[in-house]
Structure formats: structure tokens, C-alpha cells
Amino acid sequence: MIIFHEAGAIRKWLAAQQTAGRSVGFVPTMGALHPGHLSLITLSRQAASLTVCSIFVNPTQFNDPADFEKYPVTTANDIRMLESAGCDVLFLPATTEIYPNGTAPDRHYDLGYLETVFEGTHRPGHFQGVCQVVHRLLDIVQPAQLFLGQKDYQQCMVLTRLVEMLSLPTMVVIGPTLRETSGLAMSSRNQRLDIHQLEQATIIYKTLLKTRDLIHQQSVAALEERAASALLQHGFQSVDYFSLANAKTLEPFPPAYVCTPADNVVALVAAFIGGVRLIDNMVMN
Ligand code: AMP
């Protein structure tokens, strides 16, 4: 695996590869890698001639500075994992390579309704920061395909919109959420939980499954209330949201509405356990 630290150097190297007809698949990450990240590397290797992964803990997408400070950094292990997964290129830039003119945003991304719900409201500025860094990374890597995890459902929608807005010749490919055998969605943030909290956190997946079982039997409000109280009863300190929404637009359903098989529904959840904010989702159909 070739490791680049400088934006100019990787762009020049990739340009030569792209001119020689090699397609590039790109997997952006913030490191602290786990098998969920590696599943995207595998998808990319199946689709593209060269797979590029980036590791950059992007300061502009953290609305909470303490969360940024505590974000796990495990670079030596990440490099070993990427090598064993067959990744071709790692881009490991310093902040000055990504933001040579400083981190202040130089444009506003019009994300419309998408930025007014769920992660958009609970993490103000988060998606602007995500667009800022991914726009810069896409300029540098210029991939044919961008691989994202469904684990970050709303982020997939935001970045699909970004690629459309910028008219980039990049296809967005979404990989399924990888889970522990307990059902807990793999996440870099899980490293901050102790063994008891890891066990308690499995209630998220159990609740998503239960919600899916009952989706055509109970009202949206009843399902949401049931789910939030299950989380609170199993060690979660607070629930930012457990909501059912239109899977294509993220628009809500009326509280008294009972979903039908014709509805495209996604359940989205964000909740705190042990001071760590976990997110997950499940498409209900
Ligand atoms: P992150 O390092 O958390 O920014 O994630 C980098 C990429 O990996 C994003 O596209 C995530 O959606 C994806 N990802 C994170 N966790 C998982 C998971 N458990 N399964 C599949 N993809 C994931």
C-alpha cells in the first residue's frame, strides 16, 4: 500500500493512473477502522482498478469540541488493517493539506430540507463540515466511485446530493451496515464503551427489529415512544430521536398514521450511552 501525506503528490500520482485508464474507488474515513470500513474497501476492490482510502479526523464536522478531542486515533493498526484488506493507496493528510487556507468555510452547501432534520438539527453545522471535507477530498482523488456506509443513512443522502450539486462524474455506492454478532452496529465510537455498556447498547438493534415487526400494526407515534422508552430502560441516558421517516426524503409520517407495505420507511435513531452518542438505522420494508 502506498501512503501519501500531501494532496499535491497524491493528485499527481492518481492523475497518471487515471490517464493510463485505471478507475479509482474511494473510501473516505476518520480512522479507528473496523470491519465495517473494510467492507467498503472490499466493495471498492470489486468495482475499481485502484482503491484509495483516506483517514482524516475532520475538525469542521464536530459540533462538540470534546467529541473531536476524544475521537480515537489508531493509525498504526489502521494501516495494518488496510494492508490486509488489499487497499492500494492511503491518503493520510495533515489538517493544512485539507484546509490550506484555514478551516473557515468558504461556501455554504444548500442541502435544503435534509439539513433541517435528525443529525442536521442535533448537530448544527455537522453536514456543512462533512460537505466541506468530502468536496475537498473528491477534488483531490477524483474517483469514479465513492463508497459510503448505510450506517450513516442521512450522510449518504447528503453526499449523494453533494455529488449531484457539483455535477461530478462520481457514482455513489452505499454498502450495508456491518454489525457485531450482538447486533450492535460497528462504530469507531464503540471503543469508548465498557463491556457492560456494549451489552446494553445492543438494545438499539433489538428495538429496530421489534419496530420492523410491528410497523404495520401500530401507529408511528406509538412505535417511536415504545422504542425511545426501551432505550432509556436499558442504560441509555438520553435519546436525541427514534423516528420513522420516508426512506427516500426523510419526511415524517403523521403521528397517528399506521404505515402500509406501500410506504418506504426508515427508522433512524441517535442516543447517548456512557456519554457516547451512537446512531443507527434500519429500512423497514
Ligand atoms: P467514519 O470513519 O465513521 O467517518 O466512517 C467512514 C465510512 O465508513 C462512512 O461511509 C461510514 O458510513 C462507513 N461505516 C461506518 N461504520 C460502518 C458500519 N458499521 N458498516 C458499514 N459502513 C460503516
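Provided above is the structure to which this section pertains.
The paragraphs below set out a description of the structure included in this document. (Residues numbered from 1 in each chain as written. Predicted model: local features only at pLDDT ≥ 70, side-chain atom pairs only at ≥ 80, totals over all residues. Heavy atoms only, no water.)

1. Some remarks on the overall build of the chain
Right, on to step 1. Scanning the chain for helices and strands turns up eleven helices and nine strands.
Right, on to step 2. Since a compact globule built from 285 residues should have a radius of gyration of about 19 Å, the 19 Å found for the chain is in line with a globular shape.
Right, on to step 3. Buried positions account for 52% of the 285 residues belonging to the chain.
Right, on to step 4. In the chain, the share of contacts with a sequence separation of at least 24, taken over all contacts with a separation of at least 6, comes to 74%.
Right, on to step 5. Carbon and sulfur atoms make up 54% of the accessible area of the chain, which totals about 12700 Å².
Right, on to step 6. Across the chain, the centroid of the 20 positively charged side chains sits 4 Å from that of the 25 negatively charged ones. (Helix = DSSP H or I, 4+ residues; strand = E, 2+ residues; numbered from the N terminus. Rg over C-alpha atoms; globule rule 2.2 N^0.38 Å. Buried < 20%, exposed > 50% of the residue type's maximum accessible area, 1.4 Å probe, protein only. Contact = heavy atoms within 4.5 Å. Areas by Shrake-Rupley, 256 points an atom, 1.4 Å probe, with all protein chains shown as cover. Lys, Arg positive; Asp, Glu negative; His and termini not counted. Charge placed at Lys NZ, Arg CZ, Asp CG, Glu CD.)

2. Details of the side chain of Asn190
Right, on to step 1. Mapped onto the elements of the fold, Asn190 is located in the loop between β6 (171-175) and α9 (195-200).
Right, on to step 2. Accessibility expressed as a relative area gives 8% for Asn190, which makes it buried.
Right, on to step 3. Setting aside anything within four residues of it in sequence, one finds Asn190 in contact with Leu184, Ala185, Leu198 and Leu278.

3. Focus: the site of the ligand
Right, on to step 1. Around the ligand, a shell composed of 16 residues is seen, among which Met30, His37, Asp152, Leu178 and Met186 lie nearest.
Right, on to step 2. One of the backbone nitrogen or oxygen atoms of Met30 is found 2.9 Å away from an oxygen atom of the ligand.
Right, on to step 3. Take His37: an N or O atom from its side chain is 2.9 Å from an oxygen atom of the ligand.
Right, on to step 4. In the complex, the protein chains occlude 92% of the 480 Å² of accessible area that the ligand would expose alone.
Right, on to step 5. Elements supplying a minimum of two residues to the shell around the ligand: β2 (24-29), α2 (35-47) and β5 (145-149).
Right, on to step 6. With three residues, α2 is the single largest residue contributor to the shell around the ligand. (Near = heavy atom within 4 Å. Polar contact = N/O pair within 3.5 Å; in protein donor to acceptor, adjacent residues only side chain to side chain.)

4. Observations regarding helix α7 (residues 126-141)
Right, on to step 1. With 16 residues, α7 should reach 22 Å at 1.5 Å per residue; the first-to-last C-alpha distance of 22 Å fits that figure.
Right, on to step 2. Of all the 16 residues making up α7, 14 are buried; the element is thus mostly covered by neighbouring parts of the structure.
Right, on to step 3. Of the residues trailing α7, Gln142 is marked for its positive phi of about 50°. (Expected span 1.5 Å × (residues − 1).)

These figures capture arrangement, not role.
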